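Coordinate analysis (summary)
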Amino acid sequence: MSEKSVNEAVSFGARLAGSQAFADLFRDGMALVEETAAYLDGPGRQESKKLERNAALAYATESMRLTTRLMQLASWLLLHRAVKEGEMSLAQANKEKAKVKLATGENNDEHNIKLLPERLRVLVQRSKALQIAVRRLDATIHAGPARIDRSNPVERQLGLLKAAFEQE
């Protein structure tokens, strides 16, 4: 085996951006954005009018957080779809994604969450699960080229795990 094939630099980012895992995440994420918009513009609006003052305030706060979170996630998904479609390079997407906030620094008051209509609570939880999945994929895609020793497949897997959890 040649030296070149043993220590070949491989960018997993470009491959992951075009993977079935990304395609599934994109589909699910955009479907969640559409479902949330439909809920907030229709049944959610009606439900919010029936809430008591504290619950209405919690509804307004959480629906704003939900909308903001989903807008950021949709931006990330659209950037990486552009990479997949060849409309931009991974390096360009990496620069642009700096404008996207994937952090989970929200403090939720569980008491207020309990005041929300069930459907809104479910949408909030689903959006947080999507956020976790996007953050993991983002950490893996943008980890940079990994040095792979093809003679040791365990080393390769450890490198992938390290890349996935470094940015959390």
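Every residue gets a number counted from 1 within its own chain, in the order that chain's sequence is written. Given that the model is predicted, a residue must reach a pLDDT of at least 70 before its local features are reported, and side-chain atom pairs must reach 80 or more before they are shown or counted; all residues, however, enter totals for whole chains, interfaces and linings. Only hydrogens and water are removed before side-chain values are computed, so all heavy atoms of the structure are retained for them.

Definition used for salt bridges: Asp or Glu carboxyl oxygen within 4 Å of a side-chain nitrogen of Lys or Arg. According to the stated counting rule, one finds eight salt bridges in the structure shown. Ionic pairing is found between Glu-96 and Lys-99, a salt bridge with its closest N-O pair at 3.0 Å. Three or more residues are tied together by salt bridges with common partners; here these are Asp-24, Arg-27 and Asp-28.

A pair of Phe, Tyr and Trp rings is counted when the ring centres sit within 6.5 Å of each other, with Trp represented by its six-membered ring. The angle between the planes then sorts it: under 30 degrees is stacked, over 60 is edge-to-face, the rest tilted. Counted under the stated rule, the structure contains two aromatic pairs. Between Phe-22 and Phe-26, the aromatic rings sit 6.1 Å apart at their centres with planes inclined by 40°, giving tilted as the arrangement. Of this pair, Phe-22 and Phe-26 both sit in helix α3 (residues 20-41), four residues apart, which is roughly one turn of the helix. Think of it in three bands: with a 1.4 Å probe and only protein chains considered, a residue is buried below 20% of the maximum accessible area for its type, exposed above 50%, and partly exposed in between. What makes Phe-22 buried here is its relative accessible area of 1%. Here the aromatic residues Phe-22, Phe-26 and Trp-76 are joined through ring pairs into a cluster of three or more. Strands here are runs of E lasting at least two residues and helices are runs of H or I lasting at least four, both read from the DSSP assignment and numbered beginning at the N terminus.

What sets the pattern is the α-helix's 3.6 residues per turn: residues three or four places apart point alike. Here a helix's expected span is defined as the number of its residues, less one, multiplied by 1.5 Å. Taking 1.5 Å of rise per residue, the 22 residues of α3 would be expected to cover 32 Å, and the 32 Å separating its terminal C-alpha atoms lies within 8% of that figure. Along α3, the residues classified as buried are Phe-22, Ala-23, Leu-25, Phe-26, Gly-29, Leu-32, Thr-36, Tyr-39 and Leu-40.

Take the packing of helix α5 (residues 53-84) against helix α8 (residues 118-141) next. The N-to-C vectors of α5 and α8 enclose an angle of 30°; their axes lie 10 Å apart at closest approach. Between α5 and α8, the angle is such that the two are roughly parallel. The two elements α5 and α8 meet at a crossing, and its hand is left-handed. Here Tyr-59, Leu-66, Arg-69, Leu-70, Leu-73, Trp-76, Leu-77 and His-80 of α5 lie close against α8, whose contacting residues are Leu-120, Leu-123, Val-124, Ser-127, Lys-128, Leu-130, Gln-131, Val-134, Leu-137, Asp-138 and Ile-141. Angles run from 0 to 180 degrees between N-to-C directions of axes, and those axes are lines fitted to C-alpha atoms, restricted for helices to the stretch in contact. Angular relationships are summarised with four words: roughly parallel below 35 degrees, roughly antiparallel beyond 145, roughly perpendicular across 65 to 115, and oblique for the angles in between. Helix crossings fall into two classes, left-handed where the near helix is turned counterclockwise from the far one by less than a right angle and right-handed where it is turned clockwise. By definition, residues are in contact when any of their heavy atoms lie within 4.5 Å.

If you look at the biggest cluster of nonpolar residues, it comprises 28 residues, and the most contacted ones within it are Trp-76, Leu-77, Leu-120, Leu-130 and Val-134. Looking at this core, the elements that each hand over two or more residues are α3, α5, α6 (90-96) and α8. The element contributing the most residues to this core is α5, with nine residues. Excluding its chain neighbours within four sequence positions, the residues that come into contact with Leu-130 are Leu-25, Gly-29, Leu-32, Leu-70 and Leu-73. The definition of a nonpolar core used throughout is a set of buried Ala, Val, Leu, Ile, Met, Phe, Trp, Tyr and Cys residues joined through side-chain atoms within 4.5 Å.

Attention now goes to the environment of Lys-99. Locating Lys-99 in the fold gives a position in the loop between α6 and α7 (110-115). Under the relative-accessibility criterion, Lys-99 is labelled exposed at 58%. Residues Lys-99 and Trp-76, spaced 23 residues apart in sequence, show a C-alpha to C-alpha distance of 9.4 Å.

Looking at the secondary structure, you find Lys-97 in the loop between α6 and α7. Those residues in contact with Lys-97, other than ones at most four positions away along the chain, are Trp-76, Leu-79, His-80, Asp-138 and His-142.

Everything listed is a geometric property; what it means functionally is a separate question.
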